[in-house]
Each structure stands twice: as structure tokens, then as C-alpha cells.
Amino acid sequence: MTDTTYWLEHAWLGTHVEPGVAVSAADGRITTVRTGVPTPPPGAEVLRGLTLPGLANAHSHAFHRALRGTVQVGSGTFWTWREVMYSVADRLTPETYHALARAVYAEMALAGVTCVGEFHYVHHAPGGTPYAEPNAMGEALIAAAADAGVRITLLDTAYLSSAIRNEHAGEPPNAHQLRFSDGSAEAWAERASLLRERDHARIGAAIHSVRAVPADQMATVARWAEERRAPLHVHLSEQTAENEACRAAHGRTPTQLLADHGVLGPRTTGVHNTHLTDEDIALLGGSRTGTCMCPTTERDLADGIGPAVALQRAGSPLSLGSDSHAVIDLFEEARAMELNERLRTRTRGHWTAAALLRAATADGHAALGWQDAGAIEAGALADLTTIALDSVRTAGPLPRLGAETAVFAATAADVRHTVVGGRHVVRDGVHALVPDVPRALADAIEALRG
């Protein structure tokens, strides 16, 4: 790969905004970063606006994108929403999932996302029949990410039961969930072990939730991830009903149950972490287990506001995800985390803009096993996101307040350039690999609705 030099009109370098920064890249990585470069060097690609490290969307269910709008009719709860979600999952095939995910990941690239963590549990054909290629659905997602020009961590998910039965077992999967289940954690591990990493793809693991993986099978999933030093994610205490069922069966909270079975640790991320006790927060922080907050989904599903401030103070690194893709906008996720806390506490300024950007960049990448991404520095992957500074939302004082502008004013619509591994994936707001993303989304969703 030939060397490429980018001239960044303004760049956020982790602690501050610098004007006039030249970034050289080779073989997909940044080789040099030079500040104090007032004009573009000869031959440099010019990125006008404010350039950030590429954004990491640490929690995605790609097929949920087909629910946007549909689930806003009427009222209900997470549990009624879930029934609509099943109706979409029932229609997925490797071909339709590839088409939808390709379009969804292209939408993410247009929003400045360069890496996605796909929490993947639709493994088999309806009814639970394995495909001839055991990982046909996961491979469709990996291929879709490549087609859209983004990186992916496929978090292959163990999903074995529909609910907690007692301390020894779970209820069998319902008719919709049969295609999610491998039957046992050992069978899950055997299938997941067939997945192979690629330049743009890393493989991680997930425990769907304490209701979907019986307690005596959690350690198998945790051990699989530990042996590979892979990220391990888990939906944790998203619903009070989950907490109540866990206490009734096990006499402890979901966090305590995960701790007892060796699930917590610095490569583990709890997603949502909404309804926690003080002891839960201490366990997560003390073990350096991460927290992925998904504020737009958490408010869309009326889940509640998680104790993100307390978790971070306890030692839990924060990342962000768009989860059900009610919207795909990491700036909104970062902003919402702070603004939700303001509503709850009636005080302002729980995080600096720089801290929120770190959650959307370096800490999000680390949660997905890409510790070599999320910073504009030599040796890092050459992943960049540039937002316009001349839109009606972002025009204002720079460079001093660039981070604040990005977090508290910008939206995904302000993204002008997305560079992944030194390759321009989005240029001037147009996706270079998927020429008509809205049409691709519409066609893929229509195919699922039949």
C-alpha cells in the first residue's frame, strides 16, 4: 500500500484540538503525526472540519434496524417490543441478513463509525436447523462489514434458554428462539471455534443474558474467551424483571451471579448495566469490567438510566453503542449519556467533552479488542472521522471548543469524511462503496417484510 498523507484542518488529539495537522499513513496505520502545519502539504488529501479518531459502535444488533418506525406505533414495554423483534428475526436468511447488514454498516460509516461490535445470536435456520455452513449467518455479517468498508468484532453469542427456571436450569427456548440456540455451551463453543479472524474482523464472545444462559454453562463461554484473550460481552440488568427472576432462582443479582462464575474481568463488557445495587457497581468497577451504555435504545425502550457516573468512578471503563438503531449517531449517544444524568441529578457537567469522546473512540475500540485503534497517533490504525464545522449545528468558536462542538452540537449528518485503514470510505458525505445507502436500506428492509 502506498503512503498517504492527510491534512487535517483541525484535529482532536485526545486532550485538545490542534489546527493544521499532517497525518501520514502506510499499510493501514498512522506513521507520523505533525502539528503546526498551516497549509496542506503537496499531494495531501485535505480533510476540512474537525477530525476525530474513528468512532466505535460497541453494541449493535444489525437486524433491529428493520424495526425503526415500526415499533413506534402504540405503547408497550421492552417485552412487547421483543415480540415485534422476533417477527423480523424469523425472516432472516444469510442472504437477506447480508443485504441488510451491508446497508446498516454503510449507514454507520456515513455516521463516522469505523468499527462495530455486532452482538450476534441469530445463528441457525428457523426452527433451529443448522445451515450447511454452521456460521453462515456470522459470515454474512463479516462479509457485510467488509463490503461497507468498516471493521467488525463479531461477538458470537450463546443463547440457550428463554428464562431462568431454577438455580440449575433454564426454560427451553421458545419457537422464535430455537434458531438462536446451539443447545449447550459446549456446542456453542464448538461452532464459534470455526470462525476465523481477518484483517477487518475479530472474533469475540457474548453471554446473551443471565436469563438466556444457565448459570452452570456461563463458565464455558468465559473460558472460551479467556483462552483466546477475546472480548466477552453480556446484556446485564437491562430489565428489573431479569433481576427479580435471578434473585428468586439464585438468591443474588445478575452481577453477583456473573462474578461467581468467572465472567467479570477487564476483557468483559456489561451492556446497559441499568438496574444495579451498590455492591454490583463495586464488583464491576473492582474487576475492571467495562460498561457499554446505549442511551438512545435505553430511552426508546423505556429501560431506565444506568448509573454510568458511579460505574466509571468505581473503575468501569465506558463505551457507547447504538444497539437497536433507533438512530445511528454516536454523537447523540455521547450527548445523551451526559444529558440523561443531568435530568436525573439536576446538575451539569458529569463528564468533559473529551471524556465522552474517549468513550466513543479509544475506550469503545478497546471494549471490542482493537486496542490499536481510537487515537490519532503513530502506530494506531489509520481510522479517521471528520465532521463539518460550517453547518448550522457546528458553526462556532474553534479550535478551543472543538470537542464540545462535536459532542453537544454535531450529529451524524455533520460527518463529511470517514477513513478506515487509510482508505476513504466516506468522502464529502457520500459512501464510496455503497453508492445509494438509503435505497439499499429500503430494499433490504422491504425484503424482510415480504
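The structure this text deals with has already been given above.
Structural notes, computed from the coordinates. Nothing here was measured: the structure is a model prediction, and the numbers come from that model.

### Regarding the pairing of strand S13 (residues 290-293)
Phase 1: Where burial is concerned, the two faces of S13 agree: the one with Gly 290 and Cys 292 and the one with Thr 291 and Met 293 are both buried.
Phase 2: Relative to S13, strand S12 (residues 268-272) runs parallel, the two sharing three bridges. Paired with Thr 269 across the strands is Gly 290, a residue of S13.
Phase 3: In this sheet, strand S14 (residues 318-320) lies alongside S13 in parallel orientation, the contact comprising three bridges. By the bridge assignment, Thr 291 is partnered in S14 with Leu 318.

### A short note on the pairing of strand S6 (residues 113-120)
Phase 1: Of all eight residues in S6, eight are buried; the element is thus mostly enclosed.
Phase 2: With four bridges joining them, strand S5 (residues 55-60) and S6 adopt parallel strand pairing. Each bridged residue has a counterpart across the sheet, and for Ala 56 the counterpart in S6 is Cys 115.
Phase 3: Strand direction decides the pairing type here: S6 and strand S7 (residues 151-158), joined by six bridges, are parallel. Residue Gly 117 lies in a different strand from S7, and its bridge partner there is Thr 153.

### Some words on the sheet that holds S12
Two strands in a sheet stick together by hydrogen bonds in their backbones, pointing the same way (parallel) or opposite ways (antiparallel).
Phase 1: Spatially, the eight strands line up as an open sheet ordered S5-S6-S7-S10-S11-S12-S13-S14, and their pairing is parallel. The sheet terminates laterally at S5 and S14, the two strands that pair on one side only. The average undirected angle you get between the axes of adjacent strands in this sheet is 25°.

### Brief notes about the environment of Pro 266
Phase 1: Tracing the backbone through its elements, the reader meets Pro 266 in the loop between helix H7 (254-260) and S12.
Phase 2: Separated by 242 residues in sequence, Pro 266 and Ser 24 have C-alpha atoms that sit 32 Å apart.
Phase 3: With residues up to four places along the chain from it excluded, the contact list for Pro 266 reads Ser 287 and Arg 288.

Criteria and thresholds
Residues numbered from 1 in each chain as written. Predicted model: local features only at pLDDT ≥ 70, side-chain atom pairs only at ≥ 80, totals over all residues. Heavy atoms only, no water. Buried < 20%, exposed > 50% of the residue type's maximum accessible area, 1.4 Å probe, protein only. Helix = DSSP H or I, 4+ residues; strand = E, 2+ residues; numbered from the N terminus. Pairing = 2+ DSSP bridges. Axes fitted to C-alpha atoms, helices over the stretch in contact; angles between N-to-C directions. Contact = heavy atoms within 4.5 Å.

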